[in-house]
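Residue strings, one per chain:
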Amino acid sequence: MPHVYETDGATIYRQSFATIRSEADLARFTPDEEPVVVRMIHAAGMVGLEAHVRFTSGMAACARAALQEGAPILCDARMVSEGITRARLPAGNAVICTLGDVKVPALAQSMRNTRSAAALELWRPHLGGAVVAIGNAPTALFHLLNMLEDADCPRPAAIIGCPVGFVGAAESKAALISRIVAMSFCEPRSCQTYLSS
C-alpha cells in the first residue's frame, strides 16, 4: 500500500515553521535574530537548539547589512556552501569555499595543520567585510582567530561559528566568543558572531 503524506511544498514549509515557533523558546532573541534561530532549528530538526545559540550584540543586523551590500560568504566546507540558497541572497553574493583548491594540500603540509585550516589562508583577498560561515572544522575556526591576531589581516563583517565534532568544537566556539568580546576592529563594521554549541 502506498504511503500517504503531505506533498505540497508550501504547506510543508508553513507547518514546519509554525511548529518551530510554537514549540521553541524564542523570547530572548531580537527580531533580527529570531528568524536566524528558527532556520537553525529547522536545519537541525531540533527544537531546543535555541538554548545553545549565542549572538553578540548587533550581529544579525550587521550580517544582513553586509549581505545587502554584496559581501561574499566564505565557507569552510562544501556542505556549508551547498546549504546556502543562492536565490535568497540579496545581492547575488559570491559563495566561496577554498577547501578543494589544488594549493590546499601542500599548504596544509607546510603549515602542519589541517586542510580546513590551510584553506582559510586563501580567503585573505575576500575576507574584508565578508560573512564567514564555519560549519564543519574546529581547526578552521581556531585558525581564523589566529589569523585575526594579525592587525593587517582583513576583518570580516560577521563570523558564524558552528563547527562540529568531538575534538575542539566546544573549545573553538568558546574561543570565538571570548575573542569577539575582547577585540575591537578598526574597520567600517565590527566583527560579530553567533554560534551554536
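Computed from a prediction, not measured in an experiment: that's the story for all the values here. (Residues numbered from 1 in each chain as written. Predicted model: local features only at pLDDT ≥ 70, side-chain atom pairs only at ≥ 80, totals over all residues. Heavy atoms only, no water.)

Caption draft 1: Structural detail: the overall build of the protein. Helix and strand counts for the protein stand at eight helices and six strands. Reading the secondary structure of the protein in the N-to-C direction produces α-α-β-α-β-α-β-α-α-β-α-β-α-β. Radius of gyration (C-alpha) of the protein: 18 Å, near the 16 Å computed for a compact globule of 197 residues. Along the first, second and third principal axes, the C-alpha set of the protein runs to 60 × 40 × 35 Å. For the protein, the residues scored as buried account for 46% of the 197 residues in total. Taking all contacts inside the protein whose residues are at least 6 apart in sequence as the whole, residues at least 24 apart take part in 59%. With the model as given, the accessible surface of the protein reaches about 10,600 Å², and the carbon-plus-sulfur share is 56%. Looking at charge distribution, the protein has the averaged site of its 17 positive side-chain charges lying 3 Å from that of its 18 negative ones. (Helix = DSSP H or I, 4+ residues; strand = E, 2+ residues; numbered from the N terminus. Rg over C-alpha atoms; globule rule 2.2 N^0.38 Å. Buried < 20%, exposed > 50% of the residue type's maximum accessible area, 1.4 Å probe, protein only. Contact = heavy atoms within 4.5 Å. Areas by Shrake-Rupley, 256 points an atom, 1.4 Å probe, with all protein chains shown as cover. Lys, Arg positive; Asp, Glu negative; His and termini not counted. Charge placed at Lys NZ, Arg CZ, Asp CG, Glu CD.)

Caption draft 2: The arrangement of the confidence of the model for the protein in detail. Per-residue confidence for the protein gives a mean pLDDT of 89; residues scoring 70 or more make up 91%. Put simply, strand β6 (residues 192-196) is where the protein has its lowest mean pLDDT, 49, and strand β3 (residues 95-97) is where it has its highest, 98. Per-residue pLDDT stays below 50 along residues 183-192; that stretch engages in 26 contacts with residues further than four places along the chain or on separate chains. (pLDDT = per-residue confidence, 0-100.)

Caption draft 3: Highlighting the environment of Lys-173. With respect to the helices and strands, Lys-173 occurs in helix α8 (residues 169-182). Between the alpha carbons of Lys-173 and Ile-160 there is a distance of 9.8 Å; along the sequence they are 13 residues apart. A polar atom in the side chain of Lys-173 sits 3.3 Å from the backbone oxygen of Pro-163. (Polar contact = N/O pair within 3.5 Å; in protein donor to acceptor, adjacent residues only side chain to side chain.)

Caption draft 4: Spotlight on the nonpolar core. In terms of nonpolar packing, the biggest core is built from 32 residues, with Leu-26, Val-37, Ile-41, Val-53, Phe-55, Ile-73 and Cys-75 touching the most fellow members. Among the elements of the structure, α1 (9-23), α2 (34-44), β1 (53-55), α3 (59-68), β2 (73-75), β4 (131-134) and β5 (158-161) are those that each provide at least two residues to this core. The element that contributes the greatest number of residues to this core is α3, accounting for six residues. Core analysis: the second largest hydrophobic core is formed by 18 residues, Leu-127, Ala-137, Ala-140 and Cys-153 among them. (Core = buried A, V, L, I, M, F, W, Y, C linked by side-chain atoms within 4.5 Å.)

Caption draft 5: View of unusual backbone geometry. One non-glycine residue, Arg-112, adopts positive backbone phi at about 55°. Within the secondary structure layout, Arg-112 lies in the loop between α5 (104-111) and α6 (115-119).

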